[in-house]
Amino acid sequence: MKNKLQRQIAFIIVFILLFSSISFANDVGIEGEVRSYLLGDFETGKILEGYNIDKPLEVASITKLMTYLVVMDEVSSGNISLDDLVYIDEEVASIRGSSFNLKEGEIFSVETLIESLLIVSANDSAVALAKHASGDTNNFVKMMNNKAKDLNLNATYYINPTGFPEEQGQNMMSTKDIFVLSKYIIEKYPQVLEITKMPCMDITDREFLNENTNPLLGEIYGVDGLKTGFTNKAGNCLVATANIVGSEDEKDLRFISITMGAKTMEKRKELSKTLLEHGISNYKNKRILNKDIPIDILKLSKGKKTEVDVYPSEDVYIIIKAGEDIYKDIQIDEEVKLPLKAGDQVGRVILYNDDEIIVEYPLEVREDVKKANFIIMIGRYLKQFIMFIWELIF
């Protein structure tokens, strides 16, 4: 009887734990239809939602984000130029997979090849850029992996600049690494978004017209990037980014959303849209502290002025999820020495939620406060004494 009761209790505990974990995991609701997803904030690098984000996965043409980065680093260092003309050789013209339909003997600028790399996910352009930047693809792949190490992308490994499968395997990254890489690229080369927001690649004299592979362009307002990918093993993948304009007392919020391994292109679009819209609906970059509004009053018994307003040193914005509360703990320094000058720090404000301290900021005064002289202090003491006597009598 005792053993039976213990088994029943154990079953109830397991059921409760299982139910709780399922409820938590289904916050976004697409877990069963992707291999991984991540929703993050570009500015802070904070991961807002995530599922299976640390496991290395095949990344297909998302690889080309690193290809772009390495090429742009070479441009930035002066080793190559966007205006360089690249001769298309036999090797490049024979590259399989998605392409810019490059033909042997054609000549294109580095800039045009980059556009085709990002807009139509051209494998042939990726190889042409790799050879131009480093001499051959093997050297370029070494540069890619070295850059991954520099960025601490510890679950990342590349075998080619395209993401196309090879006999020895495919390029691998964790979803978290993809997020870090995407954030870094937008930060260092924000002009990438001018390319990735283009709806199509139109080269009239080549009769080449292909739509941007990103299915969320024009589907969600603010989407302006970033990269798609597909192989049989990787499934349908998308790194999307959107800048959402904030309303009053809100700051713009740029999301980076990543979905990995959707079964079809249609599902990729649907699930990526669900994830991004979840972020837009549930997260705001709200102003918690206004540097122009006093947060407390500092009392100065020995100051020429006995009370002075205390302000946050700067506007403070925090990304808040719907239903989340932010609390303030105002701490004024115990010993504030006079005189004070405008801008002097007199304490701090700690912002926290139910789980942890989020951040702390200094508090300051915005005006000079001199120490009261002997005559002023005598006058105050006399005033206090008279009031004390008055209260005793009346």
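Residues numbered from 1 in each chain as written. Predicted model: local features only at pLDDT ≥ 70, side-chain atom pairs only at ≥ 80, totals over all residues. Heavy atoms only, no water.

K.L.:
Give a description of the packing of helix H4 (residues 110-119) against helix H5 (residues 123-134) that names residues and reports values.
P.N.:
Interaxial distance between H4 and H5 falls to 9 Å at its minimum, and their mutual angle equals 140°. Put simply, H4 runs oblique to H5. At the point where H4 passes H5, the crossing takes the left-handed sense. Judged by residue contacts, Val110, Leu113, Ile114, Ser116 and Leu117 of H4 engage Ser125, Ala126, Ala128, Leu129 and His132 from H5. In terms of residue class, the contact of H4 with H5 is built from 7 nonpolar, 3 polar and no charged. (Axes fitted to C-alpha atoms, helices over the stretch in contact; angles between N-to-C directions. Helix = DSSP H or I, 4+ residues; strand = E, 2+ residues; numbered from the N terminus. Parallel < 35°, antiparallel > 145°, perpendicular 65-115°, else oblique. Left-handed = near helix turned anticlockwise from the far one by under 90°. Contact = heavy atoms within 4.5 Å. Nonpolar A, V, L, I, M, F, W, Y, C, P; charged D, E, K, R; others polar.)

K.L.:
So, the sheet that holds strand S1 (residues 36-41): which residues are in play, and what are the values?
P.N.:
By definition, the strands of a sheet pair up through backbone hydrogen bonds, in either a parallel or an antiparallel sense. With respect to topology, 5 strands assemble into an open sheet ordered S2-S1-S11-S10-S9, the strand pairing being antiparallel. Since the sheet does not close on itself, it has two edges, and those belong to strand S2 (47-51) and strand S9 (223-231), each with one partner. On average, each strand axis in the sheet is tilted by 5° relative to the strand beside it, whichever way the strands run. Bridge count for S1 against strand S11 (residues 253-262) is 6 bridges, and the pairing is antiparallel. Along S11, the bridge assignment pairs Leu39 with Ser257. Along the sheet, helix H7 (residues 175-188) makes contact with S1, S2, S9, strand S10 (235-244) and S11, crossing S11 at roughly 140°. Sheet strands touched by helix H9 (residues 265-282): S1, S2, S9, S10 and S11. Its angle to S11, the strand with the most contacts, is close to 150°. (Pairing = 2+ DSSP bridges.)

K.L.:
How would you explain the pairing of strand S18 (residues 357-365) if you had to name every residue and give the values?
P.N.:
Inspection of the sheet shows strand S14 (residues 307-312) paired to S18 by 3 bridges, in the antiparallel sense. Each bridged residue has a counterpart across the sheet, and for Pro312 the counterpart in S18 is Leu363. With 7 bridges joining them, strand S17 (residues 345-352) and S18 adopt antiparallel strand pairing. Paired with Val349 across the bridge in S18 is Tyr361. In this structure, the hairpin formed by S17 and S18 is closed by a connection of 4 residues.

K.L.:
Residues and numbers for the side chain of Ser121, please.
P.N.:
Note that Ser121 resides in the loop between H4 and H5. A residue is classified by how much of its surface remains accessible, and Ser121, at 5% relative accessible area, is buried. In this structure the side chain of Ser121 is engaged in a polar contact, spanning 2.8 Å, whose partner is the side chain of Lys227. Look past the residues within four positions of Ser121 in its chain and what remains in contact with it is Ser61, Lys64, Ser98, Ser116 and Lys227. (Buried < 20%, exposed > 50% of the residue type's maximum accessible area, 1.4 Å probe, protein only. Polar contact = N/O pair within 3.5 Å; in protein donor to acceptor, adjacent residues only side chain to side chain.)

K.L.:
How would you sum up the environment of His132? Please name residues and give values.
P.N.:
If you trace the backbone, His132 turns up in helix H5. The partly exposed category is assigned to His132, whose relative accessible area is 27%. Taking C-alpha positions, His132 is 8.2 Å from Ile80, a pair spaced 52 residues apart along the chain.

K.L.:
I'd like to hear about H7, residue by residue, with values.
P.N.:
Quick reminder: α-helices carry 3.6 residues per turn. Residues three or four places apart thus point the same way. If you check H7, its first and last C-alpha atoms are 20 Å apart, about what 14 residues at 1.5 Å a residue would give, namely 20 Å. Among all positions in H7, only Thr175, Asp177, Ile178, Phe179, Leu181, Ser182, Lys183, Ile185 and Ile186 are buried. (Expected span 1.5 Å × (residues − 1).)

K.L.:
Account for the sheet that holds S18, naming residues and giving values.
P.N.:
Strand order in this open sheet of 5 strands is S13-S14-S18-S17-S16, and the pairing throughout is antiparallel. Of all strands in the sheet, those with a lone pairing partner are strand S13 (296-299) and strand S16 (327-332), marking the two edges. Taken pair by pair, the neighbouring strands of this sheet meet at an average axis angle of 30°, ignoring direction.

K.L.:
Can you break down the pattern of salt bridges residue by residue, with the values?
P.N.:
The final tally for this structure, using the stated rule, is 22 salt bridges. Salt-bridge contacts for Glu194 lead to Lys197; the nearest nitrogen and oxygen are separated by 3.3 Å. In this structure, a network of salt bridges that share partners links the residues Glu33, Lys267 and Glu270. (Salt bridge = Lys/Arg side-chain N within 4 Å of Asp/Glu carboxyl O.)

K.L.:
Can you lay out the packing of aromatic side chains for me, pointing to particular residues and giving the numbers?
P.N.:
Using the criterion set out here, one finds 5 aromatic pairs in the structure. Plain terms: the ring middles of Phe100 and Phe108 are 5.3 Å apart, the flat faces sit at 55° to each other, and that makes the pair tilted. For Phe100, a relative accessible area of 0% gives the class buried. What makes Phe108 buried here is its relative accessible area of 11%. Between Phe100 and Phe208 the ring centres are 4.9 Å apart and the planes differ by 85°, which places this aromatic pair in the edge-to-face class. You can see Phe100 sitting in the loop between helix H3 (90-93) and strand S5 (107-109) and its partner Phe208 sitting in strand S8 (residues 208-211), a full 108 residues away along the chain. We classify Phe208 as buried; its relative accessible area is 4%. (Phe/Tyr/Trp six-rings, centres within 6.5 Å; stacked < 30°, edge-to-face > 60°.)

K.L.:
I'd like a description of a nonpolar patch on the surface, backed by residues and values.
P.N.:
On the surface, Phe388, Ile389, Trp390, Leu392, Ile393 and Phe394 cluster together into a nonpolar patch covering about 730 Å² of accessible area. Assignment of secondary structure puts Trp390 in helix H10 (residues 374-393). Residue Trp390 is classed as exposed on the basis of its relative accessible area, which comes to 56%. (Patch = residues over 30% accessible without salt bridge, like charges linked within 9 Å, V, L, I, M, F, W, Y side chains within 5 Å. Areas by Shrake-Rupley, 256 points an atom, 1.4 Å probe, with all protein chains shown as cover.)

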